[in-house]
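Coordinates in review
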Amino acid sequence: MMKVLFFASLRDALGTAEVDVSLAQGTTAEALRAQLIADHPQWQIALSQPALLLAVNQQMADWQTPLNESDEIALFPPVTGG
Amino acid sequence: MTEPALINVETYISVQHDDFDMAAEYQRLAASASCGAVVTFSGLVREFAKLSEQDAPKVTELFLEHYPGMTEKALADIVERARSRWPLGPVTVIHRIGALPLNAQIVFVGVASAHRDAAFSAAQFIMDFLKTEAPFWKRETADGKTSWVDARQSDQEASKRWS
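Notes on the structure follow. Here the structure is a predicted model, which means the values were calculated and not measured.

With that settled, consider the sheet that holds strand β6 (residues 105-113) of chain B. Strands in a sheet are paired, the pairing made by backbone hydrogen bonds, and the direction either parallel or antiparallel. All names here are of chain B. One open sheet accounts for 4 strands, arranged β1-β4-β6-β2; its pairing is mixed. Strands at the two margins of the open sheet, each flanked by one partner only, are β1 (11-16) and β2 (37-44). Averaged over all pairs of adjacent strands, the angle between their axes in this sheet comes to 5 degrees, without regard to strand direction. Across 6 bridges, strand β4 (residues 88-96) lies against β6 in antiparallel orientation. Opposite Leu88, over in β6, you have Ser113 as the bridge partner.

In structure tokens:
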């Protein structure tokens with residue numbers, strides 16, 4: 001099981017701060033997004049936002065990044081600090 | 001003539017609820033003998049787009065959410081990238097989280113260097129990437145309603161000037 005965290009407006013839109021996903025080792029982040037939408041069709045609009053950002057093990061990453069079981073994955077909207 | 005090596009290259013990063021003291025932060029940066037320049041920036045809470053449009057209720061508060069754990073790493077990484085471009089002395093980045101009233105201090109970036117060019121550029125660089133890479137999100141409250149603040153395209157453009 002892989003743990004996926006959601007923050008800010010994305011968490012509010014999905015109605016949950018985290019979810020566990022079962023995925024094969026080495027699956028890309030893009031495939032993880034597709035799996036989340038398949039598991040939760042009501043999340044399709046929120047998870048399809050083109051500006052959505054991804055972090056793998058607390059580092060910004062791109063959607064082609066291969067994922068491992070023990071990775072901490074986070075999805076969030078564009079950041080607005082400062 | 002070669003420049004003396006910068007002796008104090010300490011990076012201080014803090015993500016905190018508490019306010020910060022500009023004078024104290026400046027003193028800490030200015031204490032490095034090899035540095036002839038200190039540039040400091042402070043960002044304040046202001047009203048944001050959606051809820052502050054005409055006839056909209058007044059924004060009374062801003063709430064800063066962050067990604068615990070990643071935030072400090074992202075800020076440290078941005079400072080390291082600045083250090084790889086300019087010879088810097090001590091650098092301080094402080095970002096507040098939680099509920100903040102209008103006009104409160106929200107962010108501090110302070111950079112010391114031997115000369116002003118490096119200090120100005122590095123402070124600008126750090127703020128530009130803090131705005132686009134550090135996982136903070138603002139939510140504003142007006143008349144009991146809350147709304148997430150949208151990211152600005154101009155912030156994305158600003159960070160591109162360094163590539």
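There is more to say after this.
Our next topic: helix α2 (residues 70-85) of chain B. Taking 1.5 Å per residue, 16 residues should reach 22 Å; α2 of chain B reaches 23 Å between its end C-alpha atoms and fits that length. Looking only at α2 of chain B, the buried set comprises Met70, Thr71, Ala74, Leu75, Ile78, Val79, Ala82 and Arg83 of chain B.

All right, on to the interface of chain B and chain A then. With 24 residues of chain B at the interface, the matching set in chain A holds 19 residues. Interface area for chain B against chain A, summed over the two sides, is near 1,800 Å², with a carbon-plus-sulfur share of 58%. Between the two partners, chain B and chain A, sit 1 salt bridge. Among the salt bridges present, the one from Arg11 of chain A reaches Glu65 of chain B, with a minimum N-O distance of 2.7 Å. Here chain B and chain A share 13 residue pairs in polar contact (both at pLDDT 80 or more) between them. Among the secondary structure elements, those contributing two or more residues to the side of chain B that touches chain A are β3 (59-66), α2, β6, α3 (116-133) and β7 (136-142) of chain B. Considering each element in turn, the side of chain B that touches chain A owes the most residues, 5 residues, to α3 of chain B. Class assignment for the residues of the side of chain B that touches chain A results in 14 nonpolar, 4 polar and 6 charged.

Reading the values: rules and limits
- Residues numbered from 1 in each chain as written.
- Chains lettered and ligands numbered in written order.
- Predicted model: local features only at pLDDT ≥ 70, side-chain atom pairs only at ≥ 80, totals over all residues.
- Heavy atoms only, no water.
- Pairing = 2+ DSSP bridges.
- Helix = DSSP H or I, 4+ residues; strand = E, 2+ residues; numbered from the N terminus.
- Axes fitted to C-alpha atoms, helices over the stretch in contact; angles between N-to-C directions.
- Expected span 1.5 Å × (residues − 1).
- Buried < 20%, exposed > 50% of the residue type's maximum accessible area, 1.4 Å probe, protein only.
- Contact = heavy atoms within 4.5 Å.
- Buried area = accessible area lost by both parts, 1.4 Å probe.
- Salt bridge = Lys/Arg side-chain N within 4 Å of Asp/Glu carboxyl O.
- Polar contact = N/O pair within 3.5 Å; in protein donor to acceptor, adjacent residues only side chain to side chain.
- Nonpolar A, V, L, I, M, F, W, Y, C, P; charged D, E, K, R; others polar.

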